[in-house]
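# Architecture and fold: a report
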Amino acid sequence: MRPLVILGSARADGETRRAMDIAFPAGSADLLVLPDFIIGGYDYQHRNTADAFSSIAEAMTSVDKIVFTTPVYWYAMSAPLKFFFDRLTDLTENLKSQGKALAGREVWMIATGTEHALPEGFEVPFRRTFEYFAMTYCGAAYLYTGTDEKTARVDRRNTRRVRQKRYRRPLNTR
Ligand SMILES: Cc1cc2nc3c(=O)[nH]c(=O)nc-3n(C[C@H](O)[C@H](O)[C@H](O)COP(=O)(O)O)c2cc1C
């Protein structure tokens, strides 16, 4: 079964897409571009149940491997991905059965940025959220997208390792 890659960049064809292509060459994963969908922010009254969130949640429960990809924007995950993460709350309320169905699924995170390492704590919301849903967090890769070729080369290798499932150490310790 092909992994589902959820692209959280503000553009579909930028550096984060490139990171995804390094980790998952053409045809080896299914891609879902978050900004292509209309997804409202979390609503305490669940007035946005008709938007695209539940269909994406459904797609997540139909695969055994999920990869979240995001650029670092202002030291944090991108806004499209944060909107999506806030909506994961629905999976503990009105969409509880889908939330329970996430248990045991393997999940990865790939980030891109122009600083040499991920900001401290960047991985925490990912790791803790995946733990909350009893998913198996397999680790993260960081693709440096600045101009230092040596760093970029090391990161390309680490990003390729996501697919090979060999990347299992914290990232922000260069
Ligand atoms: C709004 C914005 C904020 C950014 N903030 C950071 C940052 O805090 N740290 C960093 O390393 N790079 C930062 N960058 C650079 C991007 O993370 C980097 O260029 C990334 O690879 C872009 O991916 P994309 O083409 O998918 O958007 C920022 C870029 C933008 C547009």
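Scroll up a little and you will see the structure.
Summarised in this report is the structure supplied together with it. (Residues numbered from 1 in each chain as written. Predicted model: local features only at pLDDT ≥ 70, side-chain atom pairs only at ≥ 80, totals over all residues.)

### Focus: the pairing of strand S4 (residues 106–113)
Every other side chain in a regular strand lies on the same face of the sheet, so the side chains alternate between the two faces. Defined as follows: Burial in this document is a count-based property: other C-beta atoms within 10 Å of a residue's C-beta are tallied, and the residue is buried at 20 or more, exposed at 12 or fewer, or partly exposed in between, with C-beta positions derived from the backbone. Each helix is a run of DSSP H or I of at least 4 residues and each strand a run of E of at least 2, with the numbering of both proceeding from the N terminus. Note on pairing: DSSP must find at least two bridges between two strands before they are called paired.
Where burial is concerned, most of S4 is hidden: seven out of the eight residues are buried. The pairing of strand S3 (residues 65–71) with S4 spans seven bridges and is parallel. Following the sheet pairing, Val67 is matched in S4 by Trp108. With eight bridges connecting them, S4 and strand S5 (residues 136–144) associate as parallel partners. In the sheet register, Ala111 faces S5, and the bridge partner there is Tyr142.

### Details of helix H6 (residues 149–164)
Note the cut-off: Take the residue count of a helix, subtract one, and multiply by 1.5 Å to get its expected span. The directions from the helix axis to the C-beta atoms are what the arc is built from. This entry defines residue contacts through backbone-placed C-beta atoms, with two residues in contact when those atoms are within 7 Å.
Here H6 contains 16 residues, and its C-alpha end-to-end distance of 23 Å stays within 8% of the 22 Å for a straight helix at 1.5 Å per residue. Turning to H6, its buried residues are Asp155, Asn158, Thr159 and Val162. Considered in projection along H6, the buried side chains sweep an arc of 100 degrees and stay on one side of the axis. Away from the buried face of H6 by more than 90 degrees, exposed residues Glu149, Lys150, Arg153, Arg157 and Gln164 are located. Of the surrounding secondary structure, the elements contacted by the buried residues of H6 are helix H1 (15–23), S4 and S5. Residue Lys165 follows H6 closely and has a positive phi angle near 55 degrees.

### Considering unusual backbone geometry
Phi is positive for Trp74, close to 50 degrees, though the residue is something other than glycine. Here Trp74 shows up in the loop between S3 and helix H3 (79–87). Taking the C-beta count within 10 Å as the criterion, Trp74 has 8 such neighbours and is therefore assigned exposed. The backbone of Ala134 sits at a positive phi, close to 55 degrees, despite the residue not being glycine. In this fold, Ala134 is placed in the loop between helix H5 (124–132) and S5.

### As for the packing of H1 against H6
Basically, it comes down to this: Axis definition: a line fitted to C-alpha atoms, limited for helices to the stretch in contact. Angles are taken between N-to-C directions and run from 0 to 180 degrees. Throughout, the term roughly parallel applies to angles under 35 degrees, roughly antiparallel to angles over 145, roughly perpendicular to angles from 65 to 115, and oblique to all others. In this count, Pro and Cys sit with the nonpolar residues alongside Ala, Val, Leu, Ile, Met, Phe, Trp and Tyr, while Asp, Glu, Lys and Arg are called charged and the others, Gly among them, polar.
It is the contact of H1 with H6, at a shortest axis distance of 7 Å, that shows an interaxial angle of 60 degrees. Taken together, the axes of H1 and H6 lie oblique to each other. Judged by residue contacts, Ala19, Ile22 and Ala23 of H1 engage Arg156, Thr159, Arg160, Val162 and Arg163 from H6. Grouping the amino acids of the contact of H1 with H6 by side-chain chemistry returns four nonpolar, one polar and three charged.

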